[in-house]
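Survey of secondary and tertiary structure
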Amino acid sequence: MAAWDLSVSVEELGPDAPPLKISVTSDLHIGGVILKVVEKSRESMSDVYLISFKEKERIKMSGTVVRVFICALAGIIPKLANGMPAFFTETPETEAVYKMLAVSQPAPAPETIAKLYRSTNITEKAHINSRWLDSSRSLLQQGVKENDKLLLRFKYYTFHDISPQADAVRLTQLYEQARWAILLEEIECTEEEMMVFAALQYHIGKVSLTEQFVASCPAMDDLDSALQCLEVKMEGESSADDMLETMTAPELHDYLKIFRPKRLTLKGYKQYWFTFKDTTISYFKSKEESCKEPIQQMNLKGCEVAPDVSVAGQKFCIRLLIPGPEGMNEVYLRCEHEQQYSRWMAACRLASKGKTLADSSFSSEVQSIQSFLAMQKTTPSTNAAQTDESINTHSLVSPRYQKKYKPKQLTPRILEAYQNVAQLSLTDAIQKFLQIWQALPDFGLSYIVVRFKGCRKDEVLGIANNRLIRIDLSVGDVVKTWRYNTMRQWNVNWDIKQVAIEFDGNVNIAFSCVTADCKIVHEYIGGYIFMSTRSREQSNTLNEELFHKLTGGHEAL
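Calculation criteria
Residues numbered from 1 in each chain as written. Predicted model: local features only at pLDDT ≥ 70, side-chain atom pairs only at ≥ 80, totals over all residues. Heavy atoms only, no water. UniProt positions renumbered as here; feature names shortened; annotations may be inferred. Helix = DSSP H or I, 4+ residues; strand = E, 2+ residues; numbered from the N terminus. Buried < 20%, exposed > 50% of the residue type's maximum accessible area, 1.4 Å probe, protein only. Contact = heavy atoms within 4.5 Å. Areas by Shrake-Rupley, 256 points an atom, 1.4 Å probe, with all protein chains shown as cover. Pairing = 2+ DSSP bridges. Axes fitted to C-alpha atoms, helices over the stretch in contact; angles between N-to-C directions. Salt bridge = Lys/Arg side-chain N within 4 Å of Asp/Glu carboxyl O. Expected span 1.5 Å × (residues − 1). Patch = residues over 30% accessible without salt bridge, like charges linked within 9 Å, V, L, I, M, F, W, Y side chains within 5 Å. Parallel < 35°, antiparallel > 145°, perpendicular 65-115°, else oblique. Left-handed = near helix turned anticlockwise from the far one by under 90°. Nonpolar A, V, L, I, M, F, W, Y, C, P; charged D, E, K, R; others polar. pLDDT = per-residue confidence, 0-100.

With an unreviewed UniProt entry as reference, the chain is termed Fermitin family member 3a, source organism Cyprinus carpio. The UniProt entry for the chain carries the following comment under Sequence similarities (unreviewed entry): "Belongs to the kindlin family."

Quick look at the overall build of the chain
From N to C terminus, the chain includes 18 helices and 20 strands. For the chain, buried positions account for 42% of its 557 residues. Contacts spanning at least 24 positions in sequence make up 56% of the contacts within the chain whose residues lie at least 6 apart. Looking at the chain as shown, the accessible area adds up to about 30600 Å², and 52% of this sits on carbon and sulfur atoms.

Focus on the sheet that holds strand β18 (residues 487-493)
In spatial order, the strands read β17-β16-β15-β14-β20-β19-β18; together these seven strands make up an open sheet with antiparallel pairing. The open sheet has two free edges, formed respectively by β17 (478-483) and β18, since each of these has just one partner strand. Ignoring which end each strand starts from, the neighbouring axes of this sheet average 30° apart. Sheet topology note: the strand β14 (residues 446-452)/strand β15 (residues 459-463) ladder contains five bridges and is antiparallel. The residue bridging I448 from the neighbouring strand is L461, located in β15.

Structural notes on the pattern of salt bridges
Enumeration according to the criterion identifies 23 salt bridges in this entry. Note that E191 and R413 form a salt bridge whose closest N and O atoms lie 2.5 Å from each other. With a gap of 222 residues between them, E191 in helix α7 (residues 191-207) and R413 in helix α14 (residues 407-418) connect regions that are remote in the sequence. For E191, a relative accessible area of 18% gives the class buried.

Re α14
Here α14 is 12 residues long and its end C-alpha atoms lie 16 Å apart, about the 16 Å a rise of 1.5 Å per residue gives. Every buried residue of α14 is listed here: L410, T411, P412, I414, L415, A417 and Y418.

A few points about a nonpolar patch on the surface
A cluster of nonpolar side chains, namely L133, L139 and L150, defines an oily patch on the protein surface of about 240 Å² accessible area. Note that L133 resides in the loop between α5 (122-128) and α6 (168-183).

Regarding the side chain of E338
Tracing the backbone shows E338 in helix α10 (residues 338-352). With sequence-adjacent residues up to four places away left out, E338 is seen in contact with F316, L373 and K377.

Here's the deal with the packing of α10 against helix α11 (residues 362-375)
Each pair of packed helices can be described by the angle between their axes along with the distance between the axes. Taken N-terminus to C-terminus, the directions of α10 and α11 make an angle of 130°; their axes are 9 Å apart at the nearest point. Overall, the two elements α10 and α11 adopt an arrangement that is oblique. The two elements α10 and α11 meet at a crossing, and its hand is right-handed. Each of E338, Q339, Y341, S342, R343, M345, A346, A347, R349 and L350 in α10 lies in contact with α11, whose residues at this interface are F362, E365, V366, I369, Q370 and L373. Its residues assigned to classes, the contact of α10 with α11 shows nine nonpolar, three polar and four charged.

As for the confidence of the model for the chain
Residues of the chain with pLDDT of at least 70 account for 79%, and the chain-wide mean is 80. Here residues 215-221 scores under 50 on pLDDT; set against residues more than four positions off or in separate chains, the count is six contacts. Of the regions scoring below 50 in pLDDT, residues 382-386 engages in seven contacts with residues more than four places distant in sequence or in other chains.

Observations regarding the pairing of strand β19 (residues 498-503)
Consecutive side chains of a regular strand alternate in pointing toward one face of the sheet and then the other. Burial along β19 is one-sided: V499, I501 and F503 are buried, while Q498, A500 and E502, pointing the other way, are not. Here β18 runs beside β19; their pairing, made up of six bridges, is antiparallel. Residue pairing in the sheet places Q489 in a bridge with E502 of β19. Taken together, β18 and the strand that follows it, β19, pair antiparallel across an intervening segment of four residues, in which K497 is found at a positive phi of about 55°. Strand direction decides the pairing type here: β19 and strand β20 (residues 507-513), joined by six bridges, are antiparallel. In the strand pairing of β20, V499 is matched with F511. Between β19 and β20, which pair antiparallel in sequence order, lie three residues; one of them, G505, sits at a positive phi of approximately 75°.

Laid out in structure tokens, this is it:
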């Protein structure tokens, strides 16, 4: 391993101060060098001026600036002051930064929106992900020059410890990312969902002019912290009652209809008696025959769950993609009404994560689904509201619906949906927007075009926060899903640019990347694995060294 002795000049120590002597090795990243500099001169300086031995560039590492951006982006929340994180109040400049980032920006003019890039297919969506910078290399090393424009985005769709009292910046920036993902059709949604999104945007735009995020009370912060610690402690403990509840886990029983698009034996929906126990759905010819062997059992652990709902049309369906030996099996379940749909949809979502109906989140999942369905119901409103001229429909709905409907048709529909959200506070409205965004079937999927080993055609790899998805490029169907919790190891052959992954059950896959460098895929997988290692007790402490080991590849290791 190579090693060097660096001579670092620190201007803050004075013009006559001798250079600091720092010993570094080849596995140390620039952050580690800066830490060594700070440690050497901890007692006599607050700001660090480092003259790079390699690039001859001065880098000012101000304690305030570093903490502002690292804490804001990583979601590390220190003590509050005047309703905002304390480090934002240290100077007028940083306070101005906070106020700017914490407020949703008004939509640009329609002609500006029309010029923004929109991906029209999954291949174009995959090309977007080729532009991520390498987190283990400096900006200069990647050709970024002064005055170049960079776009900041949340890359990993795993959000820890979002607190409305202290996370105004984080929530607002997440909202902006979600909002433009929907408007530019980076993620698919139904027409009814689009009207709810439009109504929430309209409401957020109005209340942002007069309302701010709710400031917190120190006493309530202490109480919230204590309750969270208590919740964590109780989650980690098990009692005889917990064991009994698990042994006698609740079940769902009801008549539902099932449809299998790829099976010739079921031409349309057919009604059966269904039971849901643990993570498995079983169905029988009738309720009376439920004591016999089921027609079929479907274990939903690791499956894909998506809604297929139209409240106006009273259509409440659940789309399931269940892993099988030969790929993914597509199944639709049709419920009679929204109450039945809410319970079965919640159960399917939990089962896909390996959780049962006994899980404490089942009730809140049901309520969340019912709340969203209620938002999609139309309610009569006054004629004055129906002709509100202040609505700019071009900034509220995606181009697909602008082509389908005229503004005078969209306006009343948006206002109808607005009646269901008009009473929400700014904080609640943004959180509701993010909640619905996260419930979309394609939420959190980042696409890369790849070529699997042994195959002659390109396919798409979808990378999510808990799984990898193999997608047929020609028709867009999901072919196979692999969960991270079944992953044994992954390796990258940097010479031939190939990623190899081993899963439980002697399942091995290998692929080369077509639309992006394999380093980007490696960073995605390593980053999500890193996120999964964080718990509530550890959430305020980031193991930066582990992150770089998991995402940095051969350079970091």
